[in-house]
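Summary of structural features
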Amino acid sequence: MTETARIRTRKALEAIATYKPGKGRPGKVTKLSSNENPFAPLDAVTEAVAEAATALNRYPDMVSTMLRETLAQTLGLSAEQFVLGNGSCSVIQSLLLAVAESGDEVVMPWRSFEAYPILVGVSGATAVPVPLRPDFSHDVEALADAVTDRTRAVLLCTPNNPTGTPLRRDDLTYLMERVPGDVVVLLDEAYFDFDDPTERLDGTELIETYPNLIAARTFSKAYGLAGLRVGYAMAQVSTIEEVWKTTVPFSTNALAQVAALAALGEAEAVGEQVRTIVAERERVCETLRRAGWQIPDTRANFLWIPGEAGRDAVVAACEDAAISVRAFPDGVRISIGAPEENSQLLAALEGVTPR
Ligand SMILES: *Cc1c(COP(=O)(O)O)cnc(C)c1O
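The next thing to look at is the overall build of the chain. Each helix and strand in the chain was counted, giving twelve helices and twelve strands. Taken over C-alpha atoms, the radius of gyration comes to 21 Å for the chain, in line with the 20 Å a tight globule of 355 residues would show. When its C-alpha atoms are laid out on the principal axes, the chain stretches across 65 × 55 × 50 Å. Within the chain, the fraction of its 355 residues that count as buried is 50%. A sequence separation of at least 24 residues applies to 72% of the contacts in the chain between residues at least 6 apart. About 17,100 Å² of surface is accessible on the chain, with carbon and sulfur atoms providing 53% of the total. Between the averaged position of the 33 positive side-chain charges in the chain and that of its 48 negative side-chain charges there is a distance of 7 Å.

Right, dumping it as C-alpha cells:
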C-alpha cells in the first residue's frame, strides 16, 4: 500500500469542486442535456478527418494558419484577429489567465454558463456573479455597478446559457459606455447561429466599435464538432496576441483544424440544420406554452424551465422516458434535438402538470 499523495496546491483550487461525471444509464438514452447538434457530422467533415488521420505522426500547425485565414475571409477580418483553442472554453480560459489573477475580480451574469465560475477560479481571481433580471436577460445596470478598480473582465453570454435569452444592442451600448476601456469585455457567442439574424449582436462588427471587446465562438454547437474541440475568439490584434501567450501549445489538434475548415466550407448544409433546429425550438416552445409552461423567450438551441418545482417534475418525467436533460438548482435546461427526439420529449411531458 502506498501512502496517499499530499501535494501542495494553489489556494485558488480550494474553492473549485472535483469534477464528478454523471452516472451513465444502461440502454439507449435521448441526450437533450448538452446543447449539441443532434445530426450526424457532414460527409465533408468525416472525409477530411479520415484523410488527415494518415498524418497523425506530425504535429498540427501550432497557430492554425489555414483556419484563421478562412475565418478571416468568411467574417471580413484579418487572420491576426483570431486566436484558436481546444473549444471556446479553453480560449476563454486563456483570456482569463491573460488578464486576471489573485486579488482581481471578474464580473459575470448569473445564472449563466456553468464553466465561468470554474474558469475564473482557476485564474485565481474572484467571480462576481450578478443576478439576471426577472425576465432572465442580463441586468446591465447591475453588471456595470459591480465593476470596481479590481475588475479585470466582464463576461457576457448571448443567447445566455442556460436561459436562452439574448443580449440586445441598447443594453450592450449602455454597458460598454460604463465599463472602463482597459477592462476586457467578453461576448460569448456560442449560440450565435441560432439567434435571429435581424436582431442579434455580431462580434465581428462590435470589435471594430469597442477596442476592449473580444467575442468567442465555437464549432461545438451549430457546426456539430463538440467531440473534436475547436473554438476561437476575435478581437483587435493587440488583445489576441496576449491571449496566444497563455494558450497551451498545439491545443487545436490536427483533426479539429481540418474538420472546422471542412465545416466552414459547408455553410449551406450547416444553415439548413440550424433552420431545422430553430423551427423545432419554436414547435417545442409553442407546444409547452400552450400546455401552460412558462418558458422565457429563447434564441438558442435549448429552452429553460425556471423554478424548482417545475424542474423536479420535468426531470422525473424525462428520466422515466430515458431522456437526459440538464438540471440546475433553479430550473432545468432542455436541448432541442432531432424532430423525433423532440416529439419524444413532448410526449414525456404531456402528463406533467406545469408549475
Ligand atoms: C458550449 C458553450 C461554449 C463552448 O464550448 P466548447 O465546446 O468548449 O467550444 C462556450 N460558451 C457557452 C456559453 C457554451 O454553452
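Attention now moves to the packing of aromatic side chains. Enumeration according to the criterion identifies seven aromatic pairs in this entry. Here the aromatic rings of Tyr 191 and Phe 302 are separated by 4.9 Å at their centres, their planes lie at 80°, and the arrangement is edge-to-face. In this pair, Tyr 191 sits in the loop between strand 6 (184-188) and helix 7 (203-209) while Phe 302 sits in strand 9 (residues 302-306), placing the two residues 111 residues apart along the sequence. Owing to a relative accessible area of 2%, Tyr 191 belongs among the buried residues under this scheme. Taken together, the ring pairs connect Phe 82, Phe 219, Tyr 223 and Tyr 232 into an aromatic cluster.

The next point concerns the pattern of salt bridges. Taken as a whole and judged by the stated rule, the model has 21 salt bridges. Notably, a salt bridge pairs Asp 196 with Arg 299, separated by 4.0 Å at the nearest N-O pair. A residue pair is termed long-range when its members are at least 10 positions apart, and Asp 196 in the loop between strand 6 and helix 7 and Arg 299 in the loop between helix 10 (267-290) and strand 9 qualify at 103 residues. A relative accessible area of 26% places Asp 196 in the partly exposed class.

We now examine empty space enclosed by the protein. For the coordinates displayed, the defined rule picks out one cavity of 30 Å³ or more. Taken together, 13 residues line the largest cavity, and the ones lying closest to its centre are Pro 41, Leu 42, Tyr 223, Gly 224 and Gln 273. Class assignment of the residues belonging to the lining of the largest cavity gives a composition of ten nonpolar, three polar and no charged.

Pairing is antiparallel across the open sheet formed by three strands, whose spatial order is 9-12-11. Since the sheet does not close on itself, it has two edges, and those belong to strand 9 and strand 11 (326-328), each with one partner. Each neighbouring strand pair of the sheet contributes to a mean axis angle of 20°, computed without reference to strand direction. Note that strand 11 and strand 12 (residues 331-335) share three bridges and pair antiparallel.

Attention now moves to the layout of surface pockets. Where empty space is left can be seen by rolling a probe of water-molecule size over the atoms. Approximately 1,600 Å³ is the volume attributed to the largest pocket. As for the largest pocket, its lining consists of 47 residues, and the residues nearest its centre are Tyr 19, Ser 33, Ser 34, Glu 114 and Arg 326. If you list the elements that add at least two residues to the lining of the largest pocket, you get helix 3 (88-99), helix 4 (115-123), helix 11 (308-320), strand 10 (323-324) and strand 11. Ranked by residue count, the leading element in the lining of the largest pocket is helix 4, at four residues. Taken together, the residues of the lining of the largest pocket sort by class into 22 nonpolar, 13 polar and twelve charged. Reported here for the second largest pocket is a volume of approximately 400 Å³. What lines the second largest pocket is a set of 19 residues, among which Leu 75, Phe 192, Asp 193, Arg 217 and Tyr 223 lie closest to the centre.

Our next topic: helix 8 (residues 237-245). Those residues of helix 8 that sit buried are Thr 239, Ile 240 and Val 243. Angular distribution of buried residues about the axis of helix 8 spans 95°; they occupy a single face of the element. Against strand 2 (82-85), helix 3, strand 7 (213-218) and strand 8 (231-234) lie the buried residues of helix 8.

Surrounding the ligand, one finds 14 residues, the nearest of these being Ser 88, Tyr 191, Thr 218, Ser 220 and Lys 221. At a separation of 2.6 Å, an oxygen atom of the ligand approaches a polar side-chain atom of Tyr 191. Here an oxygen atom of the ligand sits 3.2 Å away from a polar atom, N or O, in the side chain of Lys 221. For the ligand, whose unbound accessible area comes to 380 Å², protein coverage reaches 94%. Here the ligand occupies the largest pocket.

Criteria and thresholds
Residues numbered from 1 in each chain as written. Predicted model: local features only at pLDDT ≥ 70, side-chain atom pairs only at ≥ 80, totals over all residues. Heavy atoms only, no water. Helix = DSSP H or I, 4+ residues; strand = E, 2+ residues; numbered from the N terminus. Rg over C-alpha atoms; globule rule 2.2 N^0.38 Å. Buried < 20%, exposed > 50% of the residue type's maximum accessible area, 1.4 Å probe, protein only. Contact = heavy atoms within 4.5 Å. Areas by Shrake-Rupley, 256 points an atom, 1.4 Å probe, with all protein chains shown as cover. Lys, Arg positive; Asp, Glu negative; His and termini not counted. Charge placed at Lys NZ, Arg CZ, Asp CG, Glu CD. Phe/Tyr/Trp six-rings, centres within 6.5 Å; stacked < 30°, edge-to-face > 60°. Salt bridge = Lys/Arg side-chain N within 4 Å of Asp/Glu carboxyl O. 1 Å grid on protein atoms, 1.4 Å probe; cavity = no way out; pocket = protein on both sides within 12 Å on 5 of 7 lines; lining within 4 Å. Points joined across faces, edges and corners; volume = space filled by probe spheres on them. Nonpolar A, V, L, I, M, F, W, Y, C, P; charged D, E, K, R; others polar. Pairing = 2+ DSSP bridges. Axes fitted to C-alpha atoms, helices over the stretch in contact; angles between N-to-C directions. Arc of directions from axis to C-beta. Near = heavy atom within 4 Å. Polar contact = N/O pair within 3.5 Å; in protein donor to acceptor, adjacent residues only side chain to side chain. Sits in = over half its atoms within 2 Å of the grid points.

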